[in-house]
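# Architecture and fold: a report
Here are the chains, one letter per residue:
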Amino acid sequence: MTASHRLIAHLRAAAAAVLLATGPASAAGVDEARIRAADTEPGNWLAHGRTYSEQRYSPLDQIDDKNVGRLGLAWSIDLGTNRGVEATPIVVDGILYASGPWSVVWAVDGRSGEVLWTYDPEVPRQWGRNACCDVVNRGVAVWKGRVYVGTIDGRLVALDAATGEPEWQVRTIDPKKPYTITGAPRVAKGMVIIGNGGAELGVRGYVTAYDAETGEQRWRFYTVPGNPAEPFEDAAMARAATTWHGRWWEVGGGGGTVWDAIVYDPELDLLYLGVGNGSPWSRQTRSPGGGDNLYLSSIVALRPDNGDMVWWYQTTPGDTWDYTATQPIILADLEIEGRQRKVLMQAPKNGFFYVLDRATGELISAEAFAQVTWAAGVDPITGRPIEIPAARYNEARAIVYPSPFGAHSWHPMSFNPETGLVYIPAQDIPGAYNLEPGGFSYDPRKWNLGTDTLVTMTAIPREAVAGHLLAWDPVAQKEAWRVDHGGAWNGGTLTTAGNLVFQGVAKGGRFAAYAADSGKELWSFPAQTGIVAGPVTWALDDVQYVTVMAGWGGVFGLIGGDAAASAGVRHVGRMLTFKLDGTAELPALAALPAIPEPPALPEGVGEVALKEGQDLYHTNCVMCHGAGVVGGGVLKDIRHSEAEVFEVYREILLDGLYVERGMPAFDDLLTAEQVEKIRAFVISKAIEDHAFRNRQ
Ligand code: CA
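This report concerns the structure included in the present document. (Residues numbered from 1 in each chain as written. Predicted model: local features only at pLDDT ≥ 70, side-chain atom pairs only at ≥ 80, totals over all residues. Heavy atoms only, no water.)

### Regarding the overall build of the protein
Condition: Each helix is a run of H or I in the DSSP string that is no shorter than four residues. Each strand is a run of E no shorter than two, and both are numbered from the N terminus. Atoms counted for the radius of gyration: C-alpha only. Globule rule: 2.2 Å times the number of residues to the power 0.38. Exposure classes here rest on a 1.4 Å probe applied to the protein chains alone. A residue is buried below 20% of its type maximum, exposed above 50%, and partly exposed in between. Contacts between residues were defined by any pair of non-hydrogen atoms, one from each residue, lying within 4.5 Å. Computed with a 1.4 Å probe, the accessible areas rest on the Shrake-Rupley method; for each residue, only the protein chains presented here act as cover. The positive count covers Lys and Arg only, the negative count covers Asp and Glu only, and His and the chain ends enter neither. Note on charges: their place is set at NZ of Lys, CZ of Arg, CG of Asp or CD of Glu.
Scanning the protein for helices and strands turns up 11 helices and 39 strands. In terms of overall dimensions, the protein is globule-like: its C-alpha atoms have a radius of gyration of 24 Å, near the 26 Å expected for 696 residues. When the backbone C-alpha atoms are referred to their principal axes, the protein occupies close to 70 × 65 × 50 Å. Counting over 696 residues, the protein shows a buried share of 64%. For the protein, long-range pairs separated by at least 24 residues make up 63% of all intrachain contacts whose partners lie at least 6 apart in sequence. Approximately 24700 Å² of the protein is accessible, and the part contributed by carbon and sulfur atoms is 52%. Computed over 58 positive and 81 negative side-chain charges, the separation of the two mean positions in the protein equals 1 Å.

### Examining the coordination of the calcium ion
The line we're drawing: Atoms are scored as donors when they are N, O or S and lie within 2.8 Å of the metal, with 3.2 Å used for Na, K and Ca; no water is included, so coordination may look incomplete.
Bound to the calcium ion are the protein donor atoms Glu200 (OE), Glu200 (OE), Asn277 (OD1) and Asp322 (OD), situated 2.4 to 2.9 Å from the metal. If you list the donors of the calcium ion from N- to C-terminus, the spacing comes out as E-x76-N-x44-D. Here Glu200 is found in the loop between β12 (191–194) and β13 (206–211), whereas its partner Asn277 is found in the loop between β17 (270–274) and β18 (278–279), with 77 residues between them in sequence. Among the residues examined, Glu200 registers a relative accessible area of 8% and is labelled buried. Residue classification places Asn277 among the buried residues on the basis of a relative accessible area of 1%.

### As for the packing of aromatic side chains
The criterion, for reference: The criterion for an aromatic pair is that two Phe, Tyr or Trp rings (for Trp, the six-membered ring) have centres within 6.5 Å, with stacked assigned to planes under 30 degrees apart, edge-to-face to planes over 60 apart and tilted to the rest. Two limits define a charge over a ring: the Lys NZ or Arg CZ must be within 6 Å of the ring centre, and within 35 degrees of the ring normal.
For the coordinates displayed, the defined rule picks out 33 aromatic pairs. Relative to Phe511, the ring of Phe502 has its centre 6.0 Å away and its plane inclined at 25°; by these criteria the two rings are stacked. Taken together, a centroid distance of 5.9 Å and an interplanar angle of 85° make the contact between Phe511 and Trp523 edge-to-face. Placement of the pair is Phe511 in strand β35 (residues 510–515) and Trp523 in strand β36 (residues 521–526), with a sequence separation of 12 residues. In terms of burial, Phe511 and Trp523 fall into one category: buried. Through successive ring pairs, a cluster of aromatic residues spans Tyr313, Trp321, Tyr323, Phe352, Tyr354 and Trp374. The residue whose ring lies beneath Arg125 is Trp102, and the NZ or CZ to ring-centre distance is 4.2 Å. The ring of Tyr658 has Arg661 lying over it, and the distance from NZ or CZ to the ring centre is 3.8 Å.

### Focus: the sheet that holds strand β39 (residues 574–580)
Counted only if it meets this: DSSP bridges decide pairing: two strands pair if at least two such bridges lie between them. Interaxial angles span 0 to 180 degrees and are taken between N-to-C directions of axes, which are lines fitted to C-alpha atoms, for helices over the stretch in contact.
Taken in spatial order, the four strands line up as β2-β39-β38-β37 in an open sheet, and their pairing is antiparallel. Strand pairing shows two members of the sheet lacking a second neighbour, β2 (71–78) and β37 (536–540), which therefore form its edges. Pairs of neighbouring strands in the sheet enclose a mean axial angle of 30°, with direction left out of account. When strand β38 (residues 543–550) meets β39, the two strands line up antiparallel, connected through five bridges. When the sheet's bridge partners are listed, Val548 is paired in β39 with Leu576.

### Considering the sheet that holds strand β28 (residues 414–416)
Spatially, four strands are ordered β28-β29-β31-β32 in an open sheet, and the strand pairing comes out antiparallel. Two strands close off the open sheet at either side, each with one partner strand: β28 and β32 (478–484). Across this sheet, the average inter-strand angle for adjacent strands is 30°, counted without regard to direction. The pairing of β28 with strand β29 (residues 421–428) spans three bridges and is classified as antiparallel. Its bridge partner being in β29, Ser414 is matched across the sheet by Tyr423.

Have a look at this one:
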């Protein structure tokens, strides 16, 4: 640190101290009573979905459907990254706390947009190999003067909200297993509750509650059973084990990770978890002989004091399509058939919109909100899907709606009690599945799906990918309106008392506002990037602001997506804040980098070696560098590497030359000969792309 840097850091700390001293109550005052009463202070966004109900509805109405056309940029911060940005900021008395790629946390002065502090947990970059879906983070929690973040390498860290200095950290995972944390912690009853991900590589899912003061573990709830020869952790696991067959604990751990939705209900004193897909994906591989495989793809209610299960509802029994039920959960009171019902709503990957009685887990209703071809509906008596038998693939390929990207993924949906509508970032993408050719063998160093990844990643034409903003009536269980976005993987939504819905639109890199009652587009801002995160709104000194973490990324962007850098779009990670008559401007768009001439195909490389290279690429590289080596704009399109990069493939892949840039080493998986084949395949695609461009 230079002297001037030290001076700036000192001044920033002093400014932060002044803000904290003069702020009304600040982060130190955020406790359960204050979050329970969040509606009495609509200028703040105290919890992940603003209130414990996670409706992402704000009563603020200074910005409304009549004046939103005047919305302009108040300030922006360049995050210095183009990896996936998925976080929902927490806002306490004008200070914003947000997280980003590699679990970095920022505290920002909402008045000026000045960064007060940054915390970097310094995750070893090699760990990025365990991240199925980009090194993202969906947000922090704030509670009694601390900021909590889960890191991509499985730690839970408590920071001093005033300084960003760590106060304690706990390792929530076994570091020998490929777990990751991308979800936001939730705080309730003096505990921080955190889940994890990793079911694509192979883990056993669980959620842990830690004492918010000390980090001491209070309880842990597993979502799927372990080896039945060992004692079950609780009655829920004993019951679940009767629905599994084979030796699932040896072929990936069963899965069922809780990587996003964890919602506390202070009215009923329940904690709802959204549970993920099976590991491996294919049930035939995971649980030969079938079975529902509890509690995969389920919504589970626990007693928050001890983690005991109260009820469960399984959305996809015997999941075999990566149909997670981890998607955001919204709590509401709705009048249904003349009765006031305390409901829980979820639009999981499988394409059905569920309304459950959240006291009992009883299904009230479920209807398809997207294209669904794996089931004909949900039986209202049994609560089970009416499966289409042909959707359960085997050696023969099945094309099924939705895909593993889901009819809706983690992108937050919102509920406006005034319109009675839920605003879903919905999409229609078909999935292609067949069993892994040549049989399955579990290898914890790579993805373990039990399916043919080459088919899963490449068999779907880009023209088949569609996405839209869907306004859904949860009482009538039908669509109210939709806005076609011309592509998938659009942003999370925010709705307000100003009759507005805010959402990022991937195609063209826009941030837009729509009338909540009609869907009419009222305003749009050229954000220079795809936006996937959920926006928030807050107020300070009688001015209402809208903030969104802007940036493309996540699994769809990595695997290729359909919003690669193009005219007007560069995928720069930024925090953007808007207000009425804001006049700030984004930096000018950087020029698109020139595309170098591809190198010549190495001598003597034939069809057989190229095919081997293609298979190796689609087993080991596709998850980050894209199907068919077409980048999605998050990471550099490696077809367009400089000639000297093609010269050092061995050093990159085997010696870890670019580890610090986020490119892990694969020396434990690949030989030098295999690296050569991958290199030849990538060069062949670069040559193909070059020829295609020359024809244009
Ligand atoms: Ca998954």
